[in-house]
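Fold and geometry: a report
Listed here are the chains, written in short residue letters.
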Amino acid sequence: MVFKAIWDLVSYGIEKGLIEEFDRVYVTNSLLSALALDEFVEVKDKTEDNLEKILKTLVDYAVEKGLIEDSIVYRDLFDTKLMGILIPFPREVIAKFLRLYKESPEKATDWYYEFSQNTDYIRRYRLEKDRRWKTQTPFGALDITINLSKPEKDPKAIAAAKNAPPSGYPKCMLCKENEGYGGRVNHPARQNHRIIPIQIGEKSWCFQYSPYVYYNEHCIVFSGEHTPMKINRNTFEKMFDFVKFLPHYFVGSNADLPIVGGSILSHDHFQGGKYTFAMERAKMEKNIVFHGFSDVVGGIVNWPMSVIRLQSENVQQIIDLADHILQSWRGYSDEEAFIFAKTHGEPHNTITPIARQRQGKFELDLVLRNNITTEEHPLGVYHPHKRLHHIKKENIGLIEVMGLAVLPARLLTEMELVKQAILSKADLYADEKIAIHAPWAQEIVNKYSDISKNNIDSILREEIGSVFAQVLEDAGVFKVTEKGREFFVRFLESCGGEVR
């Protein structure tokens, strides 16, 4: 069985263009060594082409022979080591990307994205487990996902990670030193990972795809040096450098403050890709003229969060105006609107920026953020409020800002229990596993007169999407109300904008 799986894995690598037929013997022997085998018996059966099955057979063998512990963490470390044997050297990957880039940037990314899946760096078979749907809202069709592709660590692996000696290599999950790294119990293996070096703002940066792919061609662009994130003028310059390099991609940055920022603030990076989010589709509800920036068309976007859109063929004017708005927002306070630039010396105002090219023009969306907390809202005033935490409690980062909910895996089980409780007319508070959903579930029961097993799944999906729209409204610093828009206009006027 193990020899058949070795043959199949080598054949897979040849079929996907990772290696060539001339490499078969060498790669076979390298796999034998990794599996502590000293001989090979060729098996003539039909070749298996399902990578997940092939790797499972090999990893099961490693567990059976005591080469690794039977845990998802150790299994992932080991199957990545096996895949790493099939992967070309970085110089070969880079050379092919650059060769295709000369034909067209899109050809280069098409190949690199497919390559990153064929290497199992992006695990297709896990991504297929994610639940995805769209929900229509007053702000357009929002994307909703329940993330099931990240495997949960078992208690033994968690304990091992806790007891593992601290390591400063790689310094974080984004550092370029991850390429080819063997991993450890508290850091993923990356032998099957290859990075494309690029120039951003005359500095060495790197381009790769996210292994979790929350949307099509979800990429990460990161500094070649381990330097912290900071939103400033240079951020806008770097983002437009990237969209010039890959004009068919958007790029965005998380904000640079806790609560409203991303999960990794210690390493300067952006996220991008080839996907049209609901926020990009949203229209401008009001035009803004900024005096001194005649080449720039500005507007307030019809979106639950507070978004200023800037468009122009003159990218330098967009950058100049964006920097002016950023500096104005950093120091802006409006007690009536509950916006405070600082409290007790702690800064609160920042921006989540998103850049793209569209219809021959450069475009920049500036999403105003504020991370102030209060006793009533200890996780953040402009953060999902407590009544919504049963669905979404985590920070609202770049991806959510643009209209894609990344919801926790627990919801899949919990929604099944909610469904059964509603259909059986059970006490929604009786089961402690779903008691946190009870007030919301009761509202659903009251709202819909005819709930059945035929429509309850679609009803729950619709209502989860509605909650996400409310999450975004909570995160908006200026609310989508008459008063909220009045406050928004007041800020725009303070930085030289005239709303029409």
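Described below are features of the structure shown in this document. Given the structure is predicted, the values throughout are model-derived calculations rather than measurements.

Rules used in this analysis
Residues numbered from 1 in each chain as written. Predicted model: local features only at pLDDT ≥ 70, side-chain atom pairs only at ≥ 80, totals over all residues. Heavy atoms only, no water. Axes fitted to C-alpha atoms, helices over the stretch in contact; angles between N-to-C directions. Helix = DSSP H or I, 4+ residues; strand = E, 2+ residues; numbered from the N terminus. Parallel < 35°, antiparallel > 145°, perpendicular 65-115°, else oblique. Left-handed = near helix turned anticlockwise from the far one by under 90°. Contact = heavy atoms within 4.5 Å. Nonpolar A, V, L, I, M, F, W, Y, C, P; charged D, E, K, R; others polar. Buried < 20%, exposed > 50% of the residue type's maximum accessible area, 1.4 Å probe, protein only. Lys, Arg positive; Asp, Glu negative; His and termini not counted. Salt bridge = Lys/Arg side-chain N within 4 Å of Asp/Glu carboxyl O. Expected span 1.5 Å × (residues − 1). Arc of directions from axis to C-beta.

Packing of helix 1 (residues 2-15) against helix 3 (residues 51-64) leaves a shortest axis separation of 9 Å and a crossing angle of 140°. Here helix 1 lies oblique to helix 3, going by the angle between them. Relative to helix 3, the crossing made by helix 1 is left-handed. Seen from helix 1, the contacting residues are V2, A5, I6, D8, L9 and Y12; seen from helix 3, they are L51, I54, L55, T57, L58 and Y61. In the contact of helix 1 with helix 3, the residues fall into 10 nonpolar, one polar and one charged.

Let us now look at the side chain of R190. Mapped onto the secondary structure, R190 falls in the loop between helix 8 (155-163) and strand 3 (196-200). In this structure, R190 is buried with no salt-bridge partner, the nearest side chain bearing the opposite charge being D76 at 8.0 Å. Excluding residues within four positions of it along the chain, R190 makes contact with T80, Y121, N178, E179, G180, Y181 and P211.

Moving on, we get to helix 5 (residues 90-103). Over its 14 residues, helix 5 extends 20 Å from the first C-alpha to the last, a length consistent with the 20 Å expected when each residue adds 1.5 Å. Of the positions making up helix 5, those classed as buried are V93, F97 and L100. Seen from one end, helix 5 has its buried residues packed into an arc of 70°, which puts them on one side. For helix 5, the exposed residues lying more than 90 degrees away from the buried face are R91 and K102. Its buried side turned inward, helix 5 meets helix 6 (105-118), strand 3, strand 4 (203-209) and helix 9 (233-245).

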